[in-house]
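Next come the chains, spelled out residue by residue.
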Amino acid sequence: MTKTTLVAFDLDDTLAPSKSPMDPRMSHLLSELLEVVEVCIISGGQFSQFKMQAIDNLPDPSSSHLERLHLMPTCGTQYYRKDGDLWKQIYAENLTEDEKTRALAAVETRARELGYWESDTWGPILEDRGSQITFSALGQAAPVSAKQAWDPTGEKKNTLREAVQRDLPDLEVRSGGSTSVDITRQGIDKAYGMKKLSELTGIPLDDMLFIGDRLDENGNDYPVKALGVRTHAVADWEETAAYVEKLIPELRGEAAGR
Ligand SMILES: [Mg+2]
């Protein structure tokens, strides 16, 4: 019989609209879920993004259930847990200065060559996230509509990704969100984060369930599926909310039967 003791979520377009705060309906469901199982949020984004989108919108920030919440920014190369009133960074695996310098130079050079270096942006195009360098074609704070219009087929993002990967054979270059390209050490993806989570918590991968909006083969959630973790695909946070609403009583039943 399957047993689920941890439910992991992607953040953008799974728990919340892209780069936006979580809806109160979703935060209440997340709180309720935390009464039943451990919960993890894993994303390519940084901790500040987790805070703005999820943590700051939880209904009761002092709830002891938050001790069961595991935060894995930048695909689990960083790990945060609740410690008293604070969210404490347990570890961060950062790129070296040399890796960062080469990554920033390669992505800017190739983006300019390809004509993808925009002058009108919403915030900086390049971002040093410690363990990850991120290129966001229109800046971090670009509205969803502008991002969708910039590269509707994903062709620009993929062309840039391939060119930068050729320049940085020792690093890994992946397409992130709709207009972003992420550079990390090799082998860093959400599967890496989920394996780390299993080591850190002692919870076997078989007892975990992952929910994400990009479980398709080109998506940034796909590595978790390829790892063999049970997954559930959603199109947006509303679908996640509807699914979690059904999941909570099922998991309560499972827990009662143990
Ligand atoms: Mg997503």
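The structure we're discussing is the one just above.
Residues numbered from 1 in each chain as written. Predicted model: local features only at pLDDT ≥ 70, side-chain atom pairs only at ≥ 80, totals over all residues.

(A) Focus on the sheet that holds strand 8 (residues 171-175). Taken in spatial order, the four strands line up as 6-7-9-8 in an open sheet, and their pairing is antiparallel. Each of the sheet's edge strands pairs with one partner strand only, and the pair in question is strand 6 (126-128) and strand 8. Averaged over all pairs of adjacent strands, the angle between their axes in this sheet comes to 20 degrees, without regard to strand direction. When strand 6 meets strand 7 (residues 133-136), the two strands line up antiparallel, connected through three bridges. What sits directly across from Asp-128, in strand 7, is Ile-133. Lying over the sheet, helix 3 (residues 97-113) contacts strand 6, strand 7, strand 8 and strand 9 (180-185), oriented at roughly 15 degrees with respect to strand 7. Sheet strands touched by helix 5 (residues 155-167): strand 8 and strand 9. Its angle to strand 8, the strand with the most contacts, is close to 175 degrees. (Pairing = 2+ DSSP bridges. Helix = DSSP H or I, 4+ residues; strand = E, 2+ residues; numbered from the N terminus. Axes fitted to C-alpha atoms, helices over the stretch in contact; angles between N-to-C directions. Contact = placed C-beta atoms within 7 Å.)

(B) How the structure looks around the environment of Leu-15. With respect to the helices and strands, the residue Leu-15 is situated in the loop between strand 1 (6-9) and helix 1 (24-34). We classify Leu-15 as buried; it has 28 C-beta atoms within 10 Å. Linking Leu-15 and Ala-54, residues 39 residues apart in sequence, is a C-alpha distance of 8.0 Å. What Leu-15 contacts, discounting residues up to four positions off in sequence, is Phe-9, Met-22, Met-26, Ile-41, Ala-54, Trp-237 and Thr-240. (Buried ≥ 20, exposed ≤ 12 C-beta atoms within 10 Å, placed from the backbone.)

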